[in-house]
Amino acid sequence: MDRVVNLSGPIRPHIRRDSCRNSTILLLKAKERPTMANAASGMAVHDDCKLRFLELKSKRTHRFIVFKIEEKQKQVIVEKVGEPTQNYEDFTASLPADECRYAVYDFDFVTAENCQKSRIFFIAWSPDTSWVRSKMIYASSKDRFKRELDGIQVELQATDPTEMGLDVIKSRAS
């Protein structure tokens, strides 16, 4: 005797014929859902972000990269790329005063032993004047996005320009 079962929601039925018992077996499996790049916020990471970061890290073709979350497309994209000749002031000027951003900065410095070194900083820029929704989206996506960028050495969280001043960068680099 066949029985109809109505299954809705996250379960999908699979029917298999059991030849030994001459009966039908109903197997229940969870619906297959596409995995998101970030389970917390649902933001994916555009391939260009990874490519530009690799160029900054290995080829040193950029001084900094500013990343933006495109909410309509639900992904992190590259907003601005700084040339190797640009300095830290150019970098800070490229961050908007009232919107959140992620940024990567390649900081060159000389140690006390007169040795030339470089550190790659990840900066989560979340100004106090930005929207609360924007702050929440950037905060929930940060760890997953950082994992995509392999090679970050120092992380900073800044809510105003004094928290990421050049003196802070110098002290965190050494």
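Everything numeric here is computed off the predicted structure, so don't read it as measured data. Every chain is numbered on its own, with residues counted from 1 as its sequence reads. Selection of residues for local features in this predicted model requires a pLDDT of at least 70, selection of side-chain atom pairs for listing and counting requires 80 or more, and totals for whole chains, interfaces and linings are taken over all residues. To get the side-chain values, all heavy atoms of the structure are used, and hydrogens and water are removed first.

## A short note on the overall build of the protein
No. 1: Numbering goes from the N terminus for both helices and strands, where a helix is a DSSP run of H or I of at least four residues and a strand is a run of E of at least two. What the protein contains, in helices and strands, is 4 helices and 8 strands.
No. 2: Relative to its 174 residues, the protein shows a buried fraction of 34%.
No. 3: When contacts within the protein are restricted to residue pairs at least 6 apart in sequence, those whose partners lie at least 24 apart make up 54%.
No. 4: For the protein, the accessible area works out to roughly 11,200 Å², and carbon and sulfur atoms hold 51% of it. Each residue is placed in one exposure class: buried if its accessible area under a 1.4 Å probe, protein chains only, is under 20% of its type's maximum, exposed if it is over 50%, and partly exposed if it falls in between. Contacts are assigned to residue pairs with any non-hydrogen atoms lying within 4.5 Å of each other. The accessible surface values rely on the Shrake-Rupley method and a 1.4 Å probe; as for residues, cover is taken only from the protein chains in view.

## Brief notes about the pairing of strand β8 (residues 154-158)
No. 1: Side chains Val154, Leu156 and Ala158 project from β8 onto a buried face, and the interleaved Glu155 and Gln157 project onto a face without burial.
No. 2: In short, DSSP must find at least two bridges between two strands for them to pair. With 5 bridges connecting them, strand β7 (residues 116-125) and β8 associate as parallel partners. Bridging across to β8, Phe121 finds its partner in Val154.
No. 3: A crossover gets the label right-handed when its path from the first strand over the helix to the second runs clockwise, viewed with the strands pointing away from the viewer. Each parallel crossover has a hand, and the one from β7 via helix α3 (residues 132-148) to β8 is right-handed.

## Examining the sheet that holds strand β6 (residues 101-110)
No. 1: With mixed pairing, the 6 strands of this open sheet are ordered in space as β3-β5-β4-β6-β7-β8. Looking at strand neighbours, the two that pair on one side only are β3 (44-45) and β8, the edges of this open sheet.

## Overview of the side chain of Gln75
No. 1: For Gln75, the location among the structural elements is in strand β5 (residues 75-82).
No. 2: Dropping the residues within four chain positions of it, Gln75 is found in contact with Met43, Ala44, His46, Lys68, Ile69 and Glu70.

## A closer look at the nonpolar core
No. 1: Within the largest apolar cluster, 20 residues are counted, with the highest numbers of intra-cluster contacts made by Phe67, Tyr102, Val104 and Phe145.
No. 2: Among the elements of the structure, α1 (47-59), β4 (64-70), β5, β6, β7 and α3 are those that each provide at least two residues to this core.
No. 3: When neighbours within four sequence positions are excluded, Phe145 is seen to be in contact with Val45, Cys49, Phe67, Val76, Tyr102 and Phe122.
No. 4: Nonpolar cores were defined as sets of buried Ala, Val, Leu, Ile, Met, Phe, Trp, Tyr and Cys residues, with membership established by side-chain atoms within 4.5 Å. Counting residues in each nonpolar core, the second largest holds 18 residues, with Phe64, Phe91, Met164 and Ala173 among its members.

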